[in-house]
Structure formats: structure tokens, C-alpha cells
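Chain residues, written in single-letter form:
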Amino acid sequence: MRSALLALVVLMAGAIAATAETRTSARELLPPELQAQQADDDANPGMLWVTSGQQLWSMPAGANAKSCSECHGDATTSMRGIAARYPAIDAKSGRLMNLEQRINNCRTANMAAAALPYEGEDLLALTAYVAHQSRGLPVSVRIDNAAAPHFEAGRRFYFERQGQLNVSCSQCHDDNVGRRLRGDRISSGLPTAWPAYRLDWQKMGSLHRRLRACSLGVRAEQLDFGSPEYVNLELYLAGRADGHLVETPGLRK
Amino acid sequence: MRGASQGWRAGLIGLAFCFVPPALATEVRIATFEAVGDAIPAPLDGLAGDSTRGQKLVRDRETGNCLICHQAPVANEPFQGDLAPSLAGVGGRLSVGQLRLRLVDQSKLNPATLMPAYHRVDGLTRVAARYRNRPVFSAQEIEDVVAWLATLKE
């Protein structure tokens, strides 16, 4: 009995480890020439947004004419590793914030500047620039304490069948990884490349824009950019991407 | 490769922005039906299906879009999915009544199925407003598609 139980525990641990290791980034499913293009900073179109984010970083804004760099200094050191642990709970408000919201929070609370519109060029550029400082670092978000209920809400959303076509995220991104949905090969749905440049959009877009496309694909409601449901979902996606490396700026079809 | 991706995007996604299927203009009712075993023996609402229209619905990226998941023996469709069994020969494997039930609601046979129920509106979550309380296929469209599937003998 004891040994049977032990064997089961070992088996389950094995199963969990296996899933973490076998998750597939959409990058690995791209044709080799697009993979090479993402890896080459001179050819990756997302780098244009990173460069424009770098310019915005030291540009004064808001009533006090402050720039990000005045408080945070050199982003290559101060922002290194930050994106890998977002979404995160903001200690002051107790709210779960993703990187876009955290940047906007700095603008409104610390710079007396207006929030930048979600999906506008400036917020995409700043988010890409900050996230890029974590490229190559493993995702490691907190999912305990105050973050736990958000992670759980995201997990429930992920496994819930939805839309007129009644399909859950998991049915595609767990059960059918590597298979073809028409011509698209399905990845594990990792959030590690975003903001990313999509050839289909001919521009950079946020993770939430990608999520809205998946929602609409199953004819489900598209939630607002930055909606609490999508931020919770983003935390769940980051939790299941634990240890996977940040890729921003990704290149996608 | 670009054409490939467009199936998922133009088909399922583009729809919300630019295309209003005629079915949406009028209320679409759910036909009452009786399942016997794993089949619905009687045509929905007693309607006769048209296999030519059926094939169109199967290929149409705005409605049936079956080829997003399935392969089928049709010409000029280079990008077909591989998430589901091929439809080749399905009319030989399954009776018309069995085909009808699988199309109306596959989840009656396999609650965990990936295949959408094409003629059902209840028990769905977070359906986009424009599709709410509307089945993917009307009773007539179910019969049309069943008629085409029945021709796939090999």
C-alpha cells in the first residue's frame, strides 16, 4: 500500500515535470527563416518598437517634466528581470498589475502624466523596451499570497469552454500542441514573446490583443485590453510558463 | 504560409468585423429531435438536405469551417487541419442518423470533444453578443451537410 502510494506520487511528480518541460513556444513552430529573423536584432521588426521605447525612456513627460530615466536610471540594469516577474501585485494598491498597467501607474502616480492608451504606439514601445531588458531570463511570477486568487481565477478561465464554438484554451494549447488548425501549428500558448510583431497585423501588438484574437476565434466575448479577467489569465499563463525564457520582441505569423 | 494562417483569421476572426451571415438576420430556432442510441434517425424538421449546399458549408470559413480541424476529399483546399479524424469515407462508416447526431451535438457522445455542437445554444459560456442564442447551423444547414457527408463513401 505504502509503496503503491509512493509510486503514484513519483508518477504524478514525473507527469508534472514532463508537462513543464515539453511546453512549446510558438517560436519553435515557426519556419526556420522566421526563427532566424526573430533572433537577428537587425532583421526583427519588433526592435523598431524597442528602439522607440528607449527614446521615450529618457523623454520628459507630465506636469513635472520627469522622464523614466530620472528615477530609474539606466534601464539595462534597473529594468533587468522586471518583466519576468509580471503580472505582480502592487504593494500600495493591492491590485494585480501587468507590465503595461505598471508603466501607466508610474505615469499617473509618479509623473503626474496621463495614462497612455493601451495598444497605442507609445505604451507598446515602452512595454517592449522594458520587457526586452528581461530577454533570455526565466519567467518567475509569484502565485502565492495575494496573487493566489488571481492565479486561480486565471486557471478557471483557461480551462472553461467558451464561445459559440465551446472550446477552452486548454483544448488547443494543451491537448493539440503541434497539430494544425488549418495552416497554423498550435503552440503551448506561452506569454513570453509579448509585445510581439505579428506579420498578420503588420505591427507590434500586446498579449491582450493576441488573447482577443483567440477569444474571437471561438466566437467568445472579447474582453477589454487590461480587463481584470485577462490580467488574471495573463498571470496564469505566466505561472504555467515558469522557467521559460522571455523572448520580447517576438516575431509571429 | 500566409494563406494558411488566413483560415483561422479571415475565417473565424474576420467574421466579426466584416461579414454578417444571412442566418443572423432572422431568429434561428433549435429543432426538436429524438436521439435513438448514437443517432438521430429523422431529418430535422422533416427537411431534405442538398449535398451541393452542404459541401459549400463545410468549406466556408465563415460558417462550418470544418476544415480548420478536419481533412476532407475536396479540391483546392491546401490548408486543412489535423485535429480530428479525416472525413474521407465517413459516409461509409456512419449512417445518416449517426452523422446527424455528431453534427448536432458531438458532446452527447464524448463530453470532452473538441468538436463544436453545430445545432445547440444552451449550456454555452461567454458567447460573443452577435452569436448569442444562435446555433452555428440552422436545421436546414444541418441537413445539407449531412447530405454531403453521406456521399463520402470512400
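Here we summarise the structure given alongside this text.

Rules used throughout
Along each chain, residue indices are assigned from 1 in the same order as the chain's sequence is written. Chains carry letters from A onward and ligands carry numbers from 1 onward, assigned in written order. The predicted origin of the model limits local features to residues at a pLDDT of at least 70 and limits the giving and counting of side-chain atom pairs to 80 or more, whereas totals for whole chains, interfaces and linings rest on all residues. Only hydrogens and water are set aside; all other atoms, that is, all heavy atoms of the structure, feed into the side-chain values. A run of DSSP states H or I qualifies as a helix once it reaches four residues; a run of E qualifies as a strand once it reaches two. Both are numbered from the N-terminal end. Residue contacts are counted whenever heavy atoms from the two residues lie within 4.5 Å of one another. Criterion for a disulfide: a pair of cysteine sulfur atoms at a distance within 2.5 Å. For every residue, the accessible area obtained with a 1.4 Å probe (protein chains only) is divided by the maximum for its type, and the residue is called buried under 20%, exposed over 50%, and partly exposed between those limits. A pair of strands is treated as paired once DSSP finds two or more bridges between them. To obtain each axis, a line is fitted to C-alpha atoms, and for helices this fit is confined to the stretch in contact; angles are then taken between N-to-C directions over 0 to 180 degrees. The scheme is simple: roughly parallel for angles under 35 degrees, roughly antiparallel for over 145, roughly perpendicular for 65 to 115, oblique for anything else. The sense of a crossing depends on the near helix, which, turned anticlockwise from the far helix by less than a right angle, makes the crossing left-handed and, turned clockwise, makes it right-handed. Following the grouping adopted for this structure description, the nonpolar residues are Ala, Val, Leu, Ile, Met, Phe, Trp, Tyr, Cys and Pro, the charged ones are Asp, Glu, Lys and Arg, and the polar ones are all others, Gly among them. Accessible area, probed at 1.4 Å, shrinks when two parts are joined; the buried area is that loss added up over both. Salt bridge, as used here, is a side-chain nitrogen of Lys or Arg placed within 4 Å of a carboxyl oxygen of Asp or Glu. In protein, a polar contact means a hydrogen-donor-capable atom and an acceptor-capable atom, both N or O and within 3.5 Å, with residues adjacent in sequence counting only if both atoms are side-chain atoms; elsewhere, any N or O pair within 3.5 Å suffices. Grid points spaced at 1 Å over the protein atoms alone were grouped into cavities, where a 1.4 Å probe fits but cannot get out, and pockets, open sets with protein on both sides within 12 Å along at least five of seven lines, with lining residues defined by an atom within 4 Å of a point. Grid points are joined across faces, edges and corners, and a volume is the space filled by probe spheres set on the points.

All names here are of chain B. Within the secondary structure layout, Ala88 lies in the loop between helix H4 (51–59) and helix H5 (90–93). For Ala88 and Leu149, which are 61 residues apart along the polypeptide, the C-alpha to C-alpha distance reads 8.8 Å. Apart from residues no more than four positions distant in its own chain, Ala88 is found in contact with Gln71, Pro73, Arg93 and Glu154.

On to the state of the cysteines. In this structure the tally under the stated criterion is zero disulfides over all chains. A disulfide-free cysteine, Cys172 of chain A has its sulfur positioned 7.3 Å from the sulfur of Cys69 of chain B, the nearest such atom. Classification of Cys172 of chain A by relative accessible area gives buried; the value is 16%.

Our next topic: the environment of Ala75 of chain A. Residue and element names in this part refer to chain A. Along the chain, the position of Ala75 falls in helix H6 (residues 75–78). Here Ala75 falls in the buried class, since its relative accessible area comes to 1%. Ala75 sits 121 residues away from Ala196 along the chain, and the two C-alpha atoms are 20 Å apart. Contact partners of Ala75, with chain neighbours within four places excluded, come to Trp57, Arg80, Tyr129 and Gln133.

To continue, consider the sheet that holds strand S5 (residues 196–198) of chain A. All names here are of chain A. Overall, mixed pairing links the three strands, which are arranged S6-S5-S7 in an open sheet. Among the strands making up the open sheet, the edge pair consists of strand S6 (203–205) and strand S7 (250–252). Across the sheet, the mean angle separating the axes of adjacent strands is 35 degrees when strand polarity is ignored. The sheet contact formed by S5 and S7 spans three bridges and is parallel. Along S7, the bridge assignment pairs Arg198 with Arg252.

The relative placement of two packed helices is expressed as an angle between their axes plus a distance between the axes. Residue and element names in this part refer to chain B. Across the interface, helix H6 (residues 96–105) lies against helix H7 (residues 139–150) with an axial gap of 9 Å and an inter-helix angle of 130 degrees. In terms of orientation, H6 lies oblique with respect to H7. Handedness of the H6/H7 crossing: right-handed. Of H7, the residues touching H6 (which contributes Val96, Leu99, Arg100, Leu103 and Val104) are Ile142, Glu143, Val145, Val146, Leu149 and Ala150. Class assignment for the residues of the contact of H6 with H7 results in nine nonpolar, no polar and two charged.

This part covers the interface of chain B and chain A. In this assembly, 42 residues from chain B lie in contact with 29 residues from chain A. Of the roughly 3300 Å² buried where chain B meets chain A, counting both sides, 53% is carbon and sulfur surface. Remark: the boundary between chain B and chain A carries three salt bridges. Arg126 of chain B is the salt-bridge partner of Glu160 of chain A, the closest N and O atoms lying 2.8 Å from each other. Across the chain B-chain A interface, the total number found is 18 residue pairs in polar contact (both at pLDDT 80 or more). Mapped onto the side of chain B that touches chain A, the elements with two or more residues apiece are helix H1 (2–13) and helix H2 (15–18) of chain B. With nine residues, H1 of chain B is the largest single contributor of residues to the side of chain B that touches chain A.

A water-sized probe rolled over the atoms picks out the places where empty space is left. Taken as a whole, the largest pocket spans an internal volume of roughly 850 Å³. For the lining of the largest pocket, the elements supplying multiple residues, two or more each, are helix H2 (26–29), helix H9 (148–159), helix H10 (169–173), strand S3 (180–181), strand S4 (184–185), helix H11 (207–217) and helix H12 (228–240) of chain A together with H1 of chain B. Considering every element that reaches the lining of the largest pocket, the biggest residue donor is H11 of chain A, with five residues. Across the lining of the largest pocket, the residue classes break down as 22 nonpolar, eight polar and nine charged. Lining the second largest pocket are 37 residues, and of these Cys69, His70, Ala84, Gln106 and Met115 of chain B lie nearest its centre. Of all the elements in the fold, those that place two or more residues in the lining of the second largest pocket are H1, H5, H6 and H7 of chain B. Here the element with the most residues in the lining of the second largest pocket is H6 of chain B; it accounts for three residues. Its residues placed into classes, the lining of the second largest pocket shows 25 nonpolar, nine polar and three charged.

Any functional reading would require information beyond the geometric quantities listed.
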